[in-house]
Amino acid sequence: MDVVLTVFALLFLVFAGMGAYATVRAVRATKRGVDRTIAQARRTVEDHTLRAKSVAQPGPAGEIARLRLTLRTSMRATQDALHAGVAEDESLKESLGLFERLSAHGHELDADLKRLETEPDRAALAARLPELRARTERITRSADSLRWAVRDRAQRFSDDDLDSLSAQIHIEADALRHWTRTEPGPASSRWTDAPADGPATGGTRTEAAGAQATAGPGPDAIASRSWRPTVPWQKKPRPESTT
């Protein structure tokens, strides 16, 4: 009895531990999903706000908003392209590492631009705009170059695969159409024994067919005749002499 109780206790502990582990995993997955949704919503709202500021606010404030919007759009597009490509091409891990280093500079620049949005000194802000614009262009140019290189690489692989597939399909199509081709071989000798002259050949065939028709059906005529057995010692009757 004690053994049975011990087994049930162990089973209960095992199932309780598995249930607790599954619950923790589900809670963490749900939390990650919620955090991802909140971050996506926050980015969407911030992008719309920057787009509205870049259009509505003139001067340095609108320029700062345009720089931030350009930087965020370029960096996000490059990040999505790299993460989508590295799942299929392991050689893009090095490119992803380079982008992470570039992202550090991008986040630093975005933080500087965000602080300058509330800068009350418009003259100082206008003086710093050329330097901020140059930094933004350098970062976005590098991100765009990396993104287009990843896309060109993926397109090249796709074109090579399509060329190989097209060649295989062409070979298969030729094999399927093989039955329509005339195989080389000896010519048919059905009429090789016939005379070479045309009209005489036709006449000969017509006469042969007429002779066969006149002779009648061979097996029926033979079967209709009366047949006598021939005895070896039976003599043939002599014809009567006329003299």
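Residues numbered from 1 in each chain as written. Predicted model: local features only at pLDDT ≥ 70, side-chain atom pairs only at ≥ 80, totals over all residues. Heavy atoms only, no water.

1. Digging into the overall build of the chain
Quick note on the threshold: Runs of E in the DSSP output that reach at least two residues are strands. Runs of H or I that reach at least four are helices, and both are numbered from the N terminus. Buried means the residue's accessible area, taken with a 1.4 Å probe over protein chains only, is under 20% of the maximum for its type, while exposed means over 50%, and partly exposed covers the values in between. In this analysis, two residues are considered to be in contact whenever any of their non-hydrogen atoms come within 4.5 Å of each other. Each accessible area is a Shrake-Rupley result for a 1.4 Å probe, and residues are judged covered by the shown protein chains and nothing else.
Scanning the chain for helices and strands turns up six helices and zero strands. If you list the helices and strands of the chain from N to C, you get α-α-α-α-α-α. Taking all 243 residues of the chain together, the buried fraction comes to 19%. Within the chain, contacts between residues at least 6 apart in sequence are counted, and of these 69% link residues at least 24 apart. Within the structure as shown, the chain displays about 19500 Å² of accessible surface, and the carbon and sulfur contribution to it stands at 60%.

2. Quick notes on the packing of helix α2 (residues 60-86) against helix α3 (residues 93-116)
Working note: a packed helix pair is described by the angle between its axes plus the distance between those axes. Quick note on the threshold: Helix axes are fitted only over the stretch in contact, all axes being lines through C-alpha atoms; the angle between N-to-C directions runs from 0 to 180 degrees. Every angle not falling under 35 degrees, over 145, or within 65 to 115 is termed oblique; those three ranges are roughly parallel, roughly antiparallel and roughly perpendicular. Take the far helix as the reference: if the near one is turned anticlockwise from it by less than a right angle, the crossing is left-handed, and if turned clockwise, right-handed. Each residue receives one of three labels: charged for Asp, Glu, Lys and Arg, nonpolar for Ala, Val, Leu, Ile, Met, Phe, Trp, Tyr, Cys and Pro, and polar for the others, Gly being one of them.
Where α2 contacts α3, the two axes come as close as 10 Å, and the packing angle between them is 160 degrees. By the angle class used here, α2 and α3 are roughly antiparallel. As α2 packs across α3, the resulting crossing turns out to be left-handed. Across the interface between the two elements, Ile64, Leu67, Arg68, Leu71, Arg72, Met75, Thr78, Gln79, Leu82, His83 and Val86 from α2 touch Lys93, Ser95, Leu96, Phe99, Leu102, Ser103, Gly106, Leu109, Asp110, Leu113 and Lys114 from α3. Of the residues contributing to the contact of α2 with α3, the split by class is eleven nonpolar, six polar and five charged.

3. Notes on the side chain of serine 95
Relative to the helices and strands, serine 95 is located in helix α3. Among the residues examined, serine 95 registers a relative accessible area of 17% and is labelled buried. Those residues within four positions of serine 95 in sequence are excluded, and the remaining contacts are Leu82 and Leu146.

4. Description of a nonpolar patch on the surface
Which entries qualify depends on this criterion: Residues form patches when they are more than 30% accessible in relative terms and have no salt bridge. Like charges link within 9 Å. Nonpolar side chains (Val, Leu, Ile, Met, Phe, Trp, Tyr) link within 5 Å. Any Lys or Arg side-chain nitrogen found within 4 Å of a carboxyl oxygen on Asp or Glu counts as a salt bridge.
The grouping of Val3, Val4, Val7, Phe8, Leu11, Val14, Phe15 and Met18 at the surface amounts to a nonpolar patch, some 800 Å² of accessible area in total. Residue placement: methionine 18 occurs in helix α1 (residues 2-56).

5. Re the side chain of aspartate 110
Among the secondary structure elements, aspartate 110 is positioned in helix α3. If we skip the residues at most four places from it in the chain, aspartate 110 touches Arg68, Leu71 and Arg72.

6. Considering helix α4 (residues 122-176)
What counts, and what does not: The span you would expect from a helix comes to 1.5 Å times its residue count less one. To get the bend at any residue, fit one axis to the seven residues that end at it and another to the seven that begin at it, then take the angle between the two axes.
The first and last C-alpha atoms of α4 sit 76 Å apart over 55 residues, in line with the 81 Å expected at 1.5 Å per residue. At leucine 129, α4 is bent by approximately 40 degrees, the largest bend along its length, and proline proline 130 sits one to four residues beyond. For α4, the set of buried residues is Leu125, Leu129, Leu132, Thr136, Ile139, Thr140, Ala143, Leu146, Arg147 and Val150. Turning to α4, the residues buried within the fold contact α2 and α3.

7. Quick notes on the confidence of the model for the chain
As a reminder, the rule being used: pLDDT expresses how confident the predictor is about each individual residue, on a scale running from 0 to 100.
Averaged over all residues, the pLDDT of the chain is 74; the fraction at 70 or higher stands at 70%. Per-element averaging of pLDDT across the chain places helix α6 (residues 218-224) at the bottom with 47 and α3 at the top with 90. Confidence over residues 194-206 falls short of pLDDT 50; this stretch has five contacts with residues more than four positions distant or in other chains. Under a pLDDT of 50 for its full length, residues 218-224 has, in the predicted model, zero contacts with residues more than four places off or in other chains.

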